[in-house]
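Residue-level listing of the chains:
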Amino acid sequence: MKRWIERSKAVVTRHLAVALIAVVAVGSIATFNFSKSATAAVAAPAAAALDDNSVGALLTLDRAMETLAARVTPAVVNVTVASKANVQQGGADTEGMPDMQQFFGPGNPFGRQFGRQFNVPSQPQNRMEHGLGSGVIISPDGYIVTNNHVIDGAVDIRVTMSNREVLSAKLVGADPLTDLAVIKVNGTNLPSVPWGNSASLRAGQTVLAFGNPYGFRFTVTRGIISALNRPNPDASDRRKPGEFIQTDAAINPGNSGGALVDARGELIGINAFLISSSGSFSGMGFAIPAQIVQPTVETLIRDGKVTHAYIGIQIADVTPDNAKFFQMNKAEGALISQVEPDAPGAKAGLRTGDVITELDGKPVTDAGQLQMTVGQKRPGETIHLLVMRDSKPTSVAVKLEALGGGRGTETAGGEHGKGRWGLSLGDLTPDVRNELQEQGQERGPGQAQGPVHGAVVEDVQPGSPADNAGLQRGDVIMEVNRHSVKSASEVAQALSGVASGQDALVLVWSNGGSTFRVLHPSQG
């Protein structure tokens, strides 16, 4: 019995040992596998970066942009100004705000002027305004170009260089019409940017915009040229030249006066404004082209001011809509919609309805180009125009005069233009005529040119041909299909005489100036 018990113990002991060995073995295997997995996870190599050959083009582009930014940035400065202002109760400097809201939107902290920031007190008082903007050094001896609205009214101008050095600057000259100004700091061998040729630009080209948006100094953004030859968007003064460069390189308040450069680092434009409903960049920034900036700046440096030459006409583009009314085969040229009495153009024999196709033997493509070219001429010069009048070419020599002394200048406008046409008309009484004439005179020199006659628009039916052409209550129709009209009945008769399905051309006096507009008949 005793031996049996001892033998049973031995068997149980062997089985427990085997089980224990099995458990230990399983545990060891599990531990080994876990350790192996952990080791494998740690040891697995990370994904490799793309090699230079795969992204060589991008790296080359990056290096080129870095080189370009490093070349231009030292020539871009931050401009801060202080100016005196007399603030009225209820807010500061609100005149003109509705017009400027199309650029920056309501509630914009930068006020009505493009680049300036104001702190508005609640009580009327004389105070100092502090503004900011940008500038570009264009010569090693310290001449800097910026916008007129950046330094307008300034009593103190200071410039911060890219190395953070702050210098006092003096005003050399300013030109409100082109919104350009030149200031100067004392210095030698300063970094500068060379002039580029904005006339050779093409949509799609790479550009860089430099400036100090919202006070963030020495910012560079990259984009392309979105469009060229954009017209002046400021309806309050059509005398201002257009031809703006449109870009999607980000331009924000504070960028005013900064550089727009091409891929070679050449100065092709001066950043001026943006169009946005929010007040911040929304993809549409605008710059004054170098072909306007350079001659203006050179004149400011030489004379301290710019005296613009003018013809004394209001002009618009020839469009596919109106070309047939002037027997034009191509939608090119500058269409005269108004001639100021006793102005150079009137003395030379220019007429409303003439189409200017050449200036000094060079083609005139549109109204903005003509306006810009004439603005760069000197008063006293004689220019030679080729004019299409009733489908016949006519040469006209015009001796330019100086803008000023109550005179106007070329104003380039665009085409906008109940019954069949959706118009309700009334006679233009002497009181209404005088009121409209005074409104035009309030908009500045040259905005009310010649007597107003015709029929006043009393109502416009929504969705009608007149509405689609942009006619509004208070506009005055002065011509229908190139024939002068004197009353509401004459306008109605002339419009009713237009054949069914045919367009009608009307000369409309509105906001102190006149433009041709095309009425398209309703379909169906």
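The rules behind the values
- Residues numbered from 1 in each chain as written.
- Predicted model: local features only at pLDDT ≥ 70, side-chain atom pairs only at ≥ 80, totals over all residues.
- Heavy atoms only, no water.
- Helix = DSSP H or I, 4+ residues; strand = E, 2+ residues; numbered from the N terminus.
- Buried < 20%, exposed > 50% of the residue type's maximum accessible area, 1.4 Å probe, protein only.
- Areas by Shrake-Rupley, 256 points an atom, 1.4 Å probe, with all protein chains shown as cover.
- Arc of directions from axis to C-beta.
- Contact = heavy atoms within 4.5 Å.
- Core = buried A, V, L, I, M, F, W, Y, C linked by side-chain atoms within 4.5 Å.
- Salt bridge = Lys/Arg side-chain N within 4 Å of Asp/Glu carboxyl O.
- Pairing = 2+ DSSP bridges.
- Axes fitted to C-alpha atoms, helices over the stretch in contact; angles between N-to-C directions.
- pLDDT = per-residue confidence, 0-100.
- Phe/Tyr/Trp six-rings, centres within 6.5 Å; stacked < 30°, edge-to-face > 60°.
- Polar contact = N/O pair within 3.5 Å; in protein donor to acceptor, adjacent residues only side chain to side chain.

**Q** Go over the overall build of the protein chain, please, and point to the residues and values.
**A** Helix and strand content of the protein chain: 10 helices and 27 strands. The buried share among the 524 residues of the protein chain stands at 47%. Put simply, the protein chain shows about 25,400 Å² of open surface, and 52% of that area lies on carbon and sulfur atoms.

**Q** Tell me about helix 10 (residues 488–496), residues and numbers included.
**A** Three or more residues of helix 10 are buried, namely Ala488, Val491 and Leu495. The arc enclosing the buried residues of helix 10, seen along the axis, measures out at 65°, which places them on a common side. Turned more than 90 degrees away from the buried face of helix 10 sit Ser489, Gln493 and Ser496, all of them exposed. Where helix 10 is buried, its residues meet strand 22 (423–427), strand 23 (455–460), strand 24 (476–480), strand 26 (504–510) and strand 27 (513–519).

**Q** I'd like a rundown of the environment of threonine 307, residues and numbers included.
**A** Residue placement: threonine 307 occurs in the loop between helix 5 (290–303) and strand 13 (309–310). Judged by its relative accessible area of 38%, threonine 307 falls in the partly exposed class. Taking C-alpha positions, threonine 307 is 7.5 Å from arginine 378, a pair spaced 71 residues apart along the chain. When sequence neighbours within four positions are dropped, the list of residues in contact with threonine 307 reads Pro379 and Ala402.

**Q** So what about the nonpolar core? Which residues, and what values?
**A** Counting 46 residues, the largest nonpolar core has Val79, Val145, Ile151, Val159, Ile183, Phe210 and Val261 as the members making the most contacts within it. Counting residues in each nonpolar core, the second largest holds 20 residues, with Ile313, Ile356, Val398 and Leu400 among its members.

**Q** Any details on the pattern of salt bridges? Residues and values, ideally.
**A** On inspection of all chains with the given rule, the structure shows seven salt bridges. A salt bridge links arginine 389 to aspartate 354; the nearest nitrogen and oxygen atoms lie 2.7 Å apart. Placement of the pair is arginine 389 in strand 18 (residues 382–389) and aspartate 354 in the loop between helix 6 (344–348) and strand 16 (355–359), with a sequence separation of 35 residues. The buried category is assigned to arginine 389, whose relative accessible area is 16%.

**Q** Can you break down the sheet that holds strand 9 (residues 244–247) residue by residue, with the values?
**A** Ordered by their spatial adjacency, six strands build a closed barrel running 7-8-9-12-11-10, and the pairing between neighbours is antiparallel. Ignoring strand direction, the axes of neighbouring strands in this sheet form an average angle of 45°. Here helix 2 (residues 56–72) sits on the sheet in contact with strand 7 (206–211), strand 8 (219–230) and strand 10 (259–261), set at roughly 40° to strand 7.

**Q** Describe unusual backbone geometry, and please don't skip the residues or the numbers.
**A** One non-glycine residue, asparagine 229, lies in the positive phi region at around 60°. For asparagine 229, a relative accessible area of 41% gives the class partly exposed. For arginine 482, which is not glycine, the phi torsion reads 75° and is therefore positive. Topologically, arginine 482 is positioned in the loop between strand 24 and strand 25 (483–484).

**Q** Give me the confidence of the model for the protein chain: which residues, what numbers.
**A** On average, residues of the protein chain score 79 in pLDDT, and 76% of them are at 70 or above. Note on residues 15–32: pLDDT is under 50 here. Beyond four places in sequence and across chains, it has zero contacts. Note on residues 442–449: pLDDT is under 50 here. Beyond four places in sequence and across chains, it has 26 contacts.

**Q** So what's going on with the packing of aromatic side chains? Residues and values would help.
**A** Counted according to the given criterion, the structure contains three aromatic pairs. Pairing phenylalanine 244 with phenylalanine 273 gives two aromatic rings, centres 5.1 Å apart and planes at 85°, and the pair type is edge-to-face. One end of the pair, phenylalanine 244, is in strand 9; the other, phenylalanine 273, is in strand 11 (residues 267–274), with 29 residues separating them in the sequence. A relative accessible area of 9% means that phenylalanine 244 is categorised as buried.

**Q** Describe the pairing of strand 8, and please don't skip the residues or the numbers.
**A** Pairing of strand 7 with strand 8, which is carried by six bridges, proceeds in the antiparallel orientation. From the neighbouring strand, leucine 208 faces strand 8, where its bridge partner is arginine 222. Here strand 8 runs beside strand 9; their pairing, made up of three bridges, is antiparallel. Within strand 9, the position partnered with alanine 227 by the bridge is glutamine 246.

**Q** Mind laying out the pairing of strand 12 (residues 285–289), listing which residues take part and the relevant values?
**A** Extensive coverage of strand 12 is indicated by the burial of five of its five residues. Where strand 11 meets strand 12, five bridges bridge the pair, whose relative direction is antiparallel. Bridge assignment links asparagine 271 to a residue of strand 12, and that residue is alanine 287.

**Q** So what's going on with the side chain of arginine 517? Residues and values would help.
**A** Within the secondary structure, arginine 517 is located in strand 27. On the basis of relative accessible area, arginine 517 is assigned to the buried category, the value being 7%. Only 3.0 Å separates the side chain of arginine 517 from the backbone oxygen of glycine 470, close enough to count as a polar contact.

**Q** Kindly report on the environment of leucine 400, identifying the contributing residues and their values.
**A** By the element assignment, leucine 400 lies in the loop between strand 19 (392–399) and strand 20 (401–402). Placed 57 residues apart in sequence, leucine 400 and alanine 343 show a C-alpha to C-alpha distance of 9.1 Å. The residues touching leucine 400, leaving out its near neighbours within four places in the chain, are Ala309, Tyr310, Ile311, Val374, Lys377, Arg378, Pro379, Gly380, Glu381 and Ile383.

**Q** Provide a residue-level description of the environment of alanine 199, including the pertinent values.
**A** Examined against the element boundaries, alanine 199 turns out to sit in the loop between strand 6 (180–184) and strand 7. Alanine 199 sits 90 residues away from proline 289 along the chain, and the two C-alpha atoms are 8.2 Å apart.

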